Amino acid sequence: MKKKEAAEAPAEMIPSESHEEENEAPVQAKRSKTEEAGGEEMEELLKEVALSERRKQKIDSFIETVTKLLRTVPESPEVEVSDLSWLSSAVKVPFLLVPKTTKGKFHMTPPASVDLIGSYPLGTCTKPRVMVDLAVTIPADVLHPKDVVNQRYPRKRALYLAGLAQCLSSSSDIGSMLYSCLHGNRLRPVLLLTPPGKDSSSFTVRVHACPPPGFFKPSRFHPQRNNIRTEWYTGLQTSQSESSESPTPHYNSSVLGDLLPRAHLQFLSAVSSQCSAFADGVALLKGTGCFNGFLASMLLAYLLTSHRISNSMTAYQLLRNTLNFLASTDLTVNGISLAKDPDTTAPSLAEFHNAFQVVFVDPSGHLNMCADMTTCTYKQLQHEASVSMQFWDNPTVDGFHSLLMTPKPMIRTSDHIFQLCDLVKLQSSCKKLNLLSELMDHSGNYVHTALPPILSLLQRGLGQRIHLLTHSLSPDPEWSVASEAPKHKAQPPLSFGLLLKPELAASALERGPPADSPKAAEFRQLWGSRSELRRFQDGAITEAVLWDGETMCQKRLVPRQIITHLLQLRFLSPYSRSGRLVVVFMLGDMMATCMMSELAVLSSSTHCTVTLQITGFSSSSDVSGAADGWCLLMWLIMELVAPPQYFSVASHFMQRTKLLFTCSKQSHTELRLLPIRFMHADIPESSMRYVGAMADDVIKTGSELPSTGEEESLRVVQSYDDLSRKLWRLEGLPLSITAVQGAHPALRYTQVFPPLPLKLDYSFFDREKTSRSLVPKEGKPCPAYITPITVICHMEGSGKWPHDRLAIRHIRTAFHIRLGELLKKHHNYTCRPCPTHLDIWKDGLVFRLQVAYHREPQVLRESVNAEGLLVVRDNEEAQALEMATIHKPLLTSTLHGLQQQHPCFGAVCRLAKRWLGAQLFSDDITEDTADLLVASLFLQPAPFTPPGNEFLSSSVLLRSASFASFICSPPLTGGTTRWLSTSTTSSQASTLSLTHPFFLSSDYTEIKNDFTATRESLPVMFIATPKDKKQSIWTKRAPSVQMLQRVVMVAAESLKLLENQLMDSNQIQDVRVVMRPPLDAYDVLIHLNPKQVPLLVQAVDPPAVTFSRGIMAGNVTQSGGALPEAFGNLALFFCDPYGGTVIAVLWKPKAFIPMPFKTSQVSARSVVVTGEEANTVPNIEAILEDFRIMGKGLIKSLEARTEKWSL
C-alpha cells in the first residue's frame, strides 16, 4: 500500500459513472489466472494494512478516555459570537474571520453526544495512516435555525472546537493536539488528537463538531439557494433581495455535510453487512491512490445497491469492476444518486449539474459528495482507472505491484508541470474577473474561486495538445491550537500537470477558424496580438498563431508559451453564473458590467437601452471622460455578441456612473446572442514556475541555435541513408551487398551528443602519398576529435568465401579497399581502408564501414582437435563479432522504429546516459543496456502512460533504477504479438525482452521459466532478446553486483533530490545537481588537464573556454584501456566520457591482502618479510608514480585519499 495514502473522511468524496448501463452486467466469472496469481499477494497486502487487535484495543481505550474528558467540558456564559473573552489566550479559533463579525450568540456547554463515525466503526480503516473519526454533537441550545446564514454556523462550530481544545489541553491523557481542515475546506475545521507516549504515531483521532441530526432543514441547502448575503460580506448596502442573490452551492454543501455522517455510517453498515468482501474491496481501492476511504465506500455501495456488482464477489472482483465502472462513466455529464426515494424538496440531478462540475448524490438526495471536485480531477480519476484496466490482464506486467504498490505523484504522471507560487495574486485575479459571488460561495478562499476559470482557460488554450490537465488538491493543513488559522496564501503552490499528445504538443503553429467564421473574433480575442491571418498551402485563409521555436528543444516549450500568454492576457470565455449571463468590460483600471438579459432585448425589440455599470472610478468626471472609450468598447462587444448588420448604436449618454446605449435593430432576423465574458487573470510570469525541459541544458549542443540533438541526429540519419543508397548501387564488386545496417547510437537518435559535421582546416594536415589520407603536420595541434559512425555492410554468401578465419579477414580487408576505391571513383569520397574497417569522410562526418560475412562467427567457433575431429565451441571472439554484426544492427533498427512512435524517446535516452556518464557508471551500464532500459518506459509504462517529455520520464527512470526493477512490456502490434516483454524476479535483477513483432506471450513465459531455473548462472541484470533468450549478452560483462547496488543507491538519492527540487518552489531549479557525482567514495582522484580533454564542452559544468583536442579519458579507463590493462587486478577506474576531467580510482577489496612471494607476480608490489615468510603487498607509492608517468602531460594533479585505505 502506498505510504502516502489519503486519510479516510466521514463525508464528501467522489465517484464515477453514467446511466448507460446496457452492457454493465456484473463481471463475476471464474477466478482468472491473473486473480489466482495475485490473490496471495493481495491477501498479504490486506493483512499488512489491517489493524491488529492490539492496536484496536489501544484505539478503543483512547476513545473512551477522550469521550470521558469531552463530557466534562465546563459551561460558559452566553456572549456574542465575536466575543472571545471566555477563551484562553493559549487556544485560538480555527477559522479565518472574513468578514470580521457576524450576528449570533454563543456559549460553551458539554456535547449532547459523542459518536464514532467514518471508517473505523465501518471496519474499513487501514494502515499506514490510521485516522479515527469522532463526531461531537453541538447541543441544540448553542445553535439557532438561522445560523446557516452568513457563516454563523461554521463560526460557532469553530468556536465549539476551540472550547473542546481548551478543555483537553490540561489533560495528561492527551498527547499532541492540532487543528486541521477536512479536505482542505476551511469551513470544516477538525481537532486532531494523538495518545501520549510511544503510541503517539500509531493513530490519530479526528474530532468533528456536528449539529444535532435534523436541526437544519436540508431544503435550506438547495444548490440554488443563497446563504451568504452580499451586503454582509462586502459591508456595502445593496437593494438586493434574497431571491436576487447569487446561489452559494459550495457553502451549502459544506454545512450540509455536517448533518449526515451518522446517516452515511448507518447506510454503509447496512450495505457492508450484505457483502463479506466489502471492507477488503475498500482497502484495495484506497491502495490504488485514486480514492479516499469515503469515496471508495460510497462508490462500492452504489454499485452493490444498483446490482452492477454482486454481494458474493471477491475483493479482487470488486476492485476490477469498480475501476471498469469508473473508466467507462462520466459523472460530469450524467451524475448518479444513491437516493432511492428522495423527498420533494431534494434537488434534481439537473439542478446539481447546474451548480457543480461532478455529481454523485448521497442517500439523502440533498448532498453532492463531489461538490468540491473539478472536472479535471474527475478526468484524472477516469484516466488512471482506464490505464489500470489496460494492463490488468497483461501477463507480462506485474499488475499487483503496478497498481497497488507504485506511488503515482504528479511529478511522475505528467509530462510538463507548472506551479502558481505567489497565490496572493489570485486575490486580485478574482477581483478583475468579477468573481465576488463565487468568492462568497467559497468563503473568501480565492484559490478555490480562481481555479475553475483558470482550468477552463487552460483547457481551451491547450486544446488538442494535451490528453489530460490535472491540478494539485487542497492540502489538509495542520497547525497548533495555540496558533491562528493559516492564511490562504500560506498553502503550497498550486501545481498543474500536463499529459501531452507528443504528435501535437510541440507544434509551433496554432491554426484557427477561417477568417469569415463567426468564431474568428473569439479566436482573435483569446490570442490577442499573437493572432494573425495566414494563407495555407490548401488555399485556406484562417486565423493562426505562430509560437517561437526553431529547434525541437524550443518547440517542446510551446506549451509554456501558451500558458504564460493565457494567464496574462485579457480574454473571452463562455461563462454563466447562477443562470444569468454577464458581460464584463475592462478599460484601464475601470470595469463595466451589464446583464446579457439587457442585450437579449435586441432579439425581440426594435429599440432598446443597454446599461453598463462602471466601477473602479474616482469621480463622475473620470467616467464621463472615458465615455468615448466605452463607446468604442461597446461596439466591440456588440460585434462579438451578434453580427453587426443586425444592430447599430444610435446614441449614448451618461447617467451618474452608468453609460447608457440606445441600440436599434437593422434586421428582423432572429438574433442569437453569444454568452461571453471579458476576463483578465492578471497572473504575471514571475508567479509561475515551469518544469518542462529544464534538463535540456546538460545535453544541449550548439551556441547560436540551441539544440538537444534531434536536428543533429536527423542530419546523421539522412547522411547515412544517402550513403546506404550509394553503397547499394555500387557496381564492380566480386560479391553483391545483401544488407547495409547502422550499428551506432546516433542512427537510433540515442547518442548523448550526436556527431556534428566538422569542417577541417587542411593547413593542419599533409596528404599521405599512397591513399591521400590526412596526416597531422609536425608542430601543429592534435586533430579535433571526430566520432566515427559504425555501419555494417553484409556481403552475400558464396562458396568463394574461405573457411579459415585468417583468410576471411583478408577477404574482408580486400573488400574494404575495393569499396573505398569505388566510393572515391563514383562519389569522390575521401576513404581510408583498414584491415578491420573502412573510414568514409562524408558531409563532415566519418562513417566507419565494416564488411561482415554471416558465417564468420560460426567459423570462429569451429576448430579441429588433435584427433582431427571438428569441434564447435563458443568463445568471446565469436560472441563479440556476433554482437557487432548481428545484434547491434538489429537493436539500432528496432529502436529507430521506437523513436518514430515516440518522438521524445531519443532525448530520454540521451539524458539517462548523460546521468550515467556523469555519475561514472557508463562503463558498467553500457549504451545498449541503457537504451533498452529506457525503451521499457515507453513499451511497458505501467502504471503510467508512455512519457511525452524527456525530463520527467527520466525521473521515472531514476525511480526504476532505484528499485533495480525495469519492467518492460510493449503494446500489441496485432493479435497476440508483442515488441517487448519482461519480468521482474529478484531484488538484484530483472528481465527485459526486446522482441520482434511476432514475439508471443508464450515466449515470455518460456524466458521467465528459464530465467528462474538458471538464475545462479546468469548475469546480475538479465536482458533477453529474440536472438538471445537465455544468456543476456547485453549485460554479460557488466554490471557486477557491487556496481549495480551502487547504481541503485545513487539513483535513489538522485531521484529524491530531483523531485524535491522540482516541486519545492523555494529551491532553485538546477538539474546539474543530480549530475555531479559523489567522489568521497573513491580512493584516488586523477585530475586531468582541461586543455587535453577534447569533449570538455560536453561537461556537466563546462568552463567558459573549452577545447576540442586531446586524449579521450574514456579510452584510458574503459576495458582494454591503458589503466585497466596495467592495474586492473588492483583497482577499478571510473570517468565521465562526456567531458569529464576526473578519473576516479577504487582499490579492489582483495588488493591489500598479502600474497606469497612469486617472481611472476611482483609487478606493482613490494616484498614484506615476516620471519621466514616473504609476502608481497601493493606498492602504492610506485603505483601512483606510474599513474603520473603514464599520464605525463595529461594529468594536472593526483589526489590520494590515504585516510580511506591503508596497507
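Residues numbered from 1 in each chain as written. Predicted model: local features only at pLDDT ≥ 70, side-chain atom pairs only at ≥ 80, totals over all residues. Heavy atoms only, no water.

The name that an unreviewed UniProt entry assigns to the protein chain is Nucleolar protein 6, with the source organism given as Etheostoma spectabile. Entered under Subcellular location (unreviewed entry) in the UniProt record, the comment concerning the protein chain runs "Nucleus, Nucleolus". Checking UniProt for the protein chain, the heading Sequence similarities (unreviewed entry) contains the comment "Belongs to the NRAP family." (UniProt positions renumbered as here; feature names shortened; annotations may be inferred.)

> Any chance you could break down the overall build of the protein chain for me, citing the residues and the numbers?
A count of helices and strands for the protein chain gives 36 helices and 43 strands. Sorting the 1207 residues of the protein chain into buried and exposed places 55% on the buried side. Sequence separation of at least 24 residues holds for 70% of the intrachain contacts in the protein chain that already meet a minimum separation of 6. On the protein chain, roughly 52300 Å² of surface is accessible, and the fraction owed to carbon and sulfur atoms is 52%. (Helix = DSSP H or I, 4+ residues; strand = E, 2+ residues; numbered from the N terminus. Buried < 20%, exposed > 50% of the residue type's maximum accessible area, 1.4 Å probe, protein only. Contact = heavy atoms within 4.5 Å. Areas by Shrake-Rupley, 256 points an atom, 1.4 Å probe, with all protein chains shown as cover.)

> Would you mind going over the sheet that holds strand β30 (residues 838-842) in detail, with residue names and values included?
In spatial order, the strands read β25-β28-β31-β30-β29; together these five strands make up an open sheet with mixed pairing. In this open sheet, the two strands that pair with only one neighbour each are β25 (737-742) and β29 (830-833). Shown here is a sheet whose adjacent strand axes are inclined to one another by a mean of 25°, direction ignored. With five bridges connecting them, β30 and strand β31 (residues 845-852) associate as antiparallel partners. Looking at the pairing, D839 lines up with R848 of β31. Contacts from helix α25 (residues 710-728) reach β25, β28 (788-795), β30 and β31, with the element oriented near 170° to β25. (Pairing = 2+ DSSP bridges. Axes fitted to C-alpha atoms, helices over the stretch in contact; angles between N-to-C directions.)

> Could you give an account of a nonpolar patch on the surface, with specific residues and numbers?
On the surface, F1157, V1162, V1167 and V1169 cluster together to form a nonpolar patch covering roughly 330 Å² of accessible area. Its location among the elements puts V1167 in strand β41 (residues 1165-1170). (Patch = residues over 30% accessible without salt bridge, like charges linked within 9 Å, V, L, I, M, F, W, Y side chains within 5 Å. Salt bridge = Lys/Arg side-chain N within 4 Å of Asp/Glu carboxyl O.)

> Outline the side chain of T109, supporting the account with residue identities and numerical values.
Inspection of the secondary structure puts T109 in the loop between β2 (105-106) and β3 (113-117). Setting aside chain neighbours within four positions, we find T109 in contact with V73, P74, E75, P139, D141, V142 and Y160.

> Which residues make up the pairing of strand β5 (residues 177-182), and what values do they have?
Along any regular strand the residues' side chains alternate between the sheet's two faces. The buried fraction of β5 amounts to five of the six residues, a majority that puts the element mostly inside the structure. With six bridges joining them, β5 and strand β6 (residues 185-193) adopt antiparallel strand pairing. Note that in β6 the partner of C181 across the bridge is P189. Here β5 hands over to β6 after two residues, with H183 in that stretch at a positive phi of 60°. Alignment of β5 against strand β12 (residues 478-480), held across three bridges, turns out to be antiparallel. Bridging from a neighbouring strand, Y179 pairs with W479 of β12.

> An account of the packing of aromatic side chains is needed here, citing residue identities and associated values.
Under the defined criterion, the tally for this structure stands at 23 aromatic pairs. Aromatic side chains Y302 and F325 sit 6.0 Å apart centroid to centroid with 50° between the ring planes, which places their arrangement in the tilted category. Placement of the pair is Y302 in helix α9 (residues 293-305) and F325 in helix α10 (residues 315-327), with a sequence separation of 23 residues. For F325, a relative accessible area of 2% gives the class buried. The ring of F536 has R511 lying over it, and the distance from NZ or CZ to the ring centre is 4.1 Å. (Phe/Tyr/Trp six-rings, centres within 6.5 Å; stacked < 30°, edge-to-face > 60°. Lys NZ or Arg CZ within 6 Å of the ring centre and 35° of its normal.)

> Tell me what's going on with the packing of α9 against α10, and back it up with residues and numbers.
One way to put it is that α9 packs onto α10 with a least axis distance of 11 Å and a crossing angle of 90°. With respect to each other, α9 and α10 are oriented roughly perpendicular. Across the interface between the two elements, L299, L300, Y302 and L303 from α9 touch L318, T322 and F325 from α10. Here the contact of α9 with α10 is composed, by residue class, of six nonpolar, one polar and no charged. (Parallel < 35°, antiparallel > 145°, perpendicular 65-115°, else oblique. Nonpolar A, V, L, I, M, F, W, Y, C, P; charged D, E, K, R; others polar.)

> So what about the nonpolar core? Which residues, and what values?
Within the largest apolar cluster, 159 residues are counted, with the highest numbers of intra-cluster contacts made by L164, L191, L193, L420 and L458. In this structure L193 touches F62, V66, L168, I174, S176, M177, T204, V205 and V207, once residues within four positions along its chain are discounted. Core analysis: the second largest hydrophobic core is formed by 38 residues, I411, I417, L1044 and Y1082 among them. (Core = buried A, V, L, I, M, F, W, Y, C linked by side-chain atoms within 4.5 Å.)

> An account of the sheet that holds strand β16 (residues 541-546) is requested, with residue identities and associated values reported.
By definition, the strands of a sheet pair up through backbone hydrogen bonds, in either a parallel or an antiparallel sense. Strand order in the open sheet formed by three strands is β14-β16-β15, and the pairing between neighbours is antiparallel. Of all the strands in the sheet, the pair left with one neighbour each is β14 (509-514) and β15 (531-535). Strand-to-strand twist in this sheet, taken as the mean axis angle between neighbours without regard to direction, amounts to 40°. Both β15 and β16 contribute to a ladder of five bridges, which runs antiparallel. Looking at the pairing, S531 lines up with V545 of β16.

> Describe the packing of helix α28 (residues 876-901) against helix α30 (residues 927-939), listing the residues and the values that go with them.
α30 packs onto α28 with a crossing angle of 35° between their chain directions and a minimal axis gap of 11 Å. For α28 against α30, the interelement crossing comes out left-handed. Contacts between α28 and α30 pair K888, L891, L895 and L898 from the former with D928, D931, L932, A935 and L939 from the latter. Class assignment for the residues of the contact of α28 with α30 results in six nonpolar, no polar and three charged. (Left-handed = near helix turned anticlockwise from the far one by under 90°.)

> Could you give an account of helix α29 (residues 905-918), naming the residues involved and the relevant values?
In this model α29 runs 20 Å from its N-terminal to its C-terminal C-alpha over 14 residues, within 8% of the 20 Å that 1.5 Å per residue would give. In terms of burial, α29 is largely enclosed, as 14 of its 14 residues are buried. Count one or two residues on from α29 and you reach L920, which has phi positive near 70°. (Expected span 1.5 Å × (residues − 1).)

> Outline the side chain of T708, listing residues and values.
Summarising the element assignment, T708 is placed in the loop between β24 (688-691) and α25. Classification of T708 as buried rests on a relative accessible area of 0%. Polar side-chain contacts of T708 include one of 2.6 Å to the side chain of R556. Within the structure, the side chain of T708 is placed 2.6 Å from the side chain of E710, a separation counted as a polar contact. Setting aside its immediate chain neighbours within four residues, T708 contacts C553, R556, D696, I699, K700 and R910. (Polar contact = N/O pair within 3.5 Å; in protein donor to acceptor, adjacent residues only side chain to side chain.)

> Mind laying out empty space enclosed by the protein, listing which residues take part and the relevant values?
Any space left empty among the atoms is revealed by the rolling of a water-sized probe across them. Applying the stated criterion across every chain, the model contains 13 cavities of 30 Å³ or more. Of the voids in this model, the second largest cavity is the one considered here, and its volume is about 150 Å³. Together, 14 residues line the second largest cavity, and H383, E384, T413, L468 and L499 are the ones closest to its centre. For the lining of the second largest cavity, the elements supplying multiple residues, two or more each, are α12 (375-392) and β11 (466-471). With five residues, the top contributor of residues to the lining of the second largest cavity is α12. Here the residues of the lining of the second largest cavity are counted per class, giving five nonpolar, seven polar and two charged. (1 Å grid on protein atoms, 1.4 Å probe; cavity = no way out; pocket = protein on both sides within 12 Å on 5 of 7 lines; lining within 4 Å. Points joined across faces, edges and corners; volume = space filled by probe spheres on them.)

> Summarise unusual backbone geometry; cite the residues concerned and give the values.
In this chain, V98 is followed by P99 through a cis amide linkage whose omega measures -5°. Inspection of the secondary structure puts P99 in the loop between β1 (79-80) and β2. Across the junction of K127 and P128, the peptide omega takes the value 15°, indicating a cis bond. Within the secondary structure, P128 is located in the loop between α3 (119-122) and β4 (131-137). Despite not being glycine, N150 has its phi angle at roughly 55°, a positive value. Mapped onto the elements, N150 comes out in the loop between β4 and α4 (152-168). The backbone of Y749 shows a phi angle near 70°, a positive value even though the residue is not glycine. Its location among the elements puts Y749 in the loop between β25 and β26 (765-767). Note on Y749: relative accessible area 9%, which makes it buried.

> Pulling in residues and values, what's your account of the environment of L567?
The topology assignment puts L567 in helix α21 (residues 558-568). Overall, the relative accessible area of 2% leaves L567 in the buried class. Taking the C-alpha atoms as reference, L567 lies 8.2 Å from E685; in sequence the two are 118 residues apart.

> Hey, could you go over the pattern of salt bridges for me, with residue numbers and the actual values?
In the structure shown here, the tally under the stated rule is 42 salt bridges. Across the salt bridge formed by E821 and R818, the nearest N and O atoms sit 3.3 Å from each other. With E821 and R818 both in helix α26 (residues 805-827) and three residues apart, this pair spans about one turn of that helix. A relative accessible area of 30% places R818 in the partly exposed class. For R1037, the salt bridge identified is with D923, shortest N-O distance 3.6 Å. With a gap of 114 residues between them, R1037 in the loop between β36 (1022-1024) and α33 (1041-1063) and D923 in the loop between α29 and α30 connect regions that are remote in the sequence. According to the relative accessible area criterion, R1037 is exposed, its value standing at 52%.

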